[in-house]
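Listed here are the chains, written in short residue letters.
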Amino acid sequence: KCDPRAPDLSNMAFVADLDAQLHTDFDSLADGIISGGFGEIPPTDKERDFFKPQILKCDPRALGAIMYHHANLDFRDLLPFVKCPVLNFIGGATKCHCIPGIEYIGNICPLGRNVTFEKAGHWLYWEEPKRFNAELLEFVKQCVARGHASQSESRN
């Protein structure tokens, strides 16, 4: 569980459990990653059959390092200085991240915006692809209309 007093980004107990499984049962770890990626509606057997072989292709040590750093690197002190628009997607039913910490990202970035998919988890783009694509396309259109795309191009 996430501590409501501190806007942590990650559910460290969840990450620690997955990391422990790296060394004991990689097959179960893959199942845990799949279950943890989905929100209120669990994955279907077909989805599990799709994701599991992809996860099992990974080097367990590399996957553990990615999960650890993904969960622990803390760039929050830099967020107020982000100059480009930020669209922050939030899976409202995520099992692997703390909602207040994720919301903080969109709230503290000067041009940030949070979009929450209430019933989705970490893989909200898979769970609600039409809405995800619509939100992303609308964000890009707004950026172009406000001239943000040309600002990014001038830095190259």
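Quick notes on the rules
Residues numbered from 1 in each chain as written. Predicted model: local features only at pLDDT ≥ 70, side-chain atom pairs only at ≥ 80, totals over all residues. Heavy atoms only, no water. Salt bridge = Lys/Arg side-chain N within 4 Å of Asp/Glu carboxyl O. Helix = DSSP H or I, 4+ residues; strand = E, 2+ residues; numbered from the N terminus. Phe/Tyr/Trp six-rings, centres within 6.5 Å; stacked < 30°, edge-to-face > 60°. Lys NZ or Arg CZ within 6 Å of the ring centre and 35° of its normal. Buried < 20%, exposed > 50% of the residue type's maximum accessible area, 1.4 Å probe, protein only. Polar contact = N/O pair within 3.5 Å; in protein donor to acceptor, adjacent residues only side chain to side chain. Contact = heavy atoms within 4.5 Å. Core = buried A, V, L, I, M, F, W, Y, C linked by side-chain atoms within 4.5 Å. Patch = residues over 30% accessible without salt bridge, like charges linked within 9 Å, V, L, I, M, F, W, Y side chains within 5 Å. Areas by Shrake-Rupley, 256 points an atom, 1.4 Å probe, with all protein chains shown as cover. Pairing = 2+ DSSP bridges. Right-handed = clockwise from strand over helix to strand, strands pointing away. Disulfide = S-S within 2.5 Å.

Asks: Provide a residue-level description of the pattern of salt bridges, including the pertinent values.
Replies: Scanning the model with the defined rule gives 4 salt bridges in all. The partner of Lys52 in a salt bridge is Asp27, and the shortest N-O contact between them spans 3.0 Å. Highlighted residues: Lys52 in helix α3 (residues 45-56) and Asp27 in helix α2 (residues 26-37), separated in sequence by 25 residues. Across the salt bridge formed by Asp31 and Lys52, the nearest N and O atoms sit 3.0 Å from each other. Here Asp31 is found in helix α2, whereas its partner Lys52 is found in helix α3, with 21 residues between them in sequence.

Asks: Residue-level account of the packing of aromatic side chains, with values.
Replies: Taken as a whole and judged by the stated rule, the model has 9 aromatic pairs. Judged by centre distance (4.8 Å) and plane angle (65°), the ring pair of Phe51 and Trp126 falls under edge-to-face. Highlighted residues: Phe51 in helix α3 and Trp126 in helix α6 (residues 124-127), separated in sequence by 75 residues. Through successive ring pairs, a cluster of aromatic residues spans Phe38, Phe50, Phe51, Trp123 and Trp126. Sitting above the plane of the Phe117 ring, Arg131 keeps its charged end 4.0 Å from the centroid.

Asks: Give a detailed account of the side chain of Asn88, specifying residues and quantitative values.
Replies: As for its position among the elements, Asn88 is in strand β1 (residues 86-91). The exposure class of Asn88 is buried, given its relative accessible area of 9%. Of the polar contacts made by the side chain of Asn88, one reaches the side chain of Asn114; its length is 2.8 Å. With residues near it in sequence (within four places) discarded, Asn88 still touches Ile102, Glu103, Ile105, Gly106, Arg113, Asn114 and Val115.

Asks: Describe the environment of Phe51, naming the residues involved and giving the relevant values.
Replies: The exposure class of Phe51 is buried, given its relative accessible area of 12%. Once the C-alpha coordinates of Phe51 and Asp31 are considered, the two residues, 20 residues apart in sequence, prove to be 9.1 Å apart. Discounting chain neighbours no more than four positions away, the residues touching Phe51 are Ile34, Phe38, Trp123 and Trp126.

Asks: I'd like to hear about the nonpolar core, residue by residue, with values.
Replies: Counting 12 residues, the largest nonpolar core is built from Leu22, Phe26, Leu29, Ala30, Ile33, Ile34, Phe38, Phe51, Ile55, Leu63, Met67 and Trp123. Among the secondary structure elements, those contributing two or more residues to this core are α2, α3 and α4 (60-72). It is α2 that provides the largest number of residues to this core, a total of 5 residues. In this structure Ile34 touches Pro43, Arg48, Phe51, Lys52, Ile55 and Trp123, once residues within four positions along its chain are discounted. Val115, Ala120, Leu124 and Phe139 belong to the second largest nonpolar core, which has 9 residues in total.

Asks: So what's going on with a nonpolar patch on the surface? Residues and values would help.
Replies: Taken together, Phe50, Tyr125 and Trp126 make up a surface patch of nonpolar side chains, about 300 Å² in accessible area. Residue classification places Trp126 among the partly exposed positions, given a relative accessible area of 33%.

Asks: Which residues make up the pairing of strand β2 (residues 112-117), and what are the values?
Replies: Bridging between β1 and β2 involves 6 bridges; their strand directions are parallel. In the sheet register, Asn88 faces β2, and the bridge partner there is Asn114. The β-α-β motif built from β1, the intervening helix α5 (residues 99-108) and the parallel element β2 has right-handed crossover chirality.

Asks: Describe the state of the cysteines, with residues and values.
Replies: Applying the stated criterion across every chain, the model contains 0 disulfides. Note on Cys109: no disulfide assigned, nearest cysteine sulfur contributed by Cys84 at a separation of 7.9 Å. Cysteine Cys143 shares no disulfide, and the gap to the nearest cysteine sulfur, in Cys84, comes to 8.3 Å. Relative accessible area serves as the criterion here: at 12%, Cys143 is assigned to the buried category.

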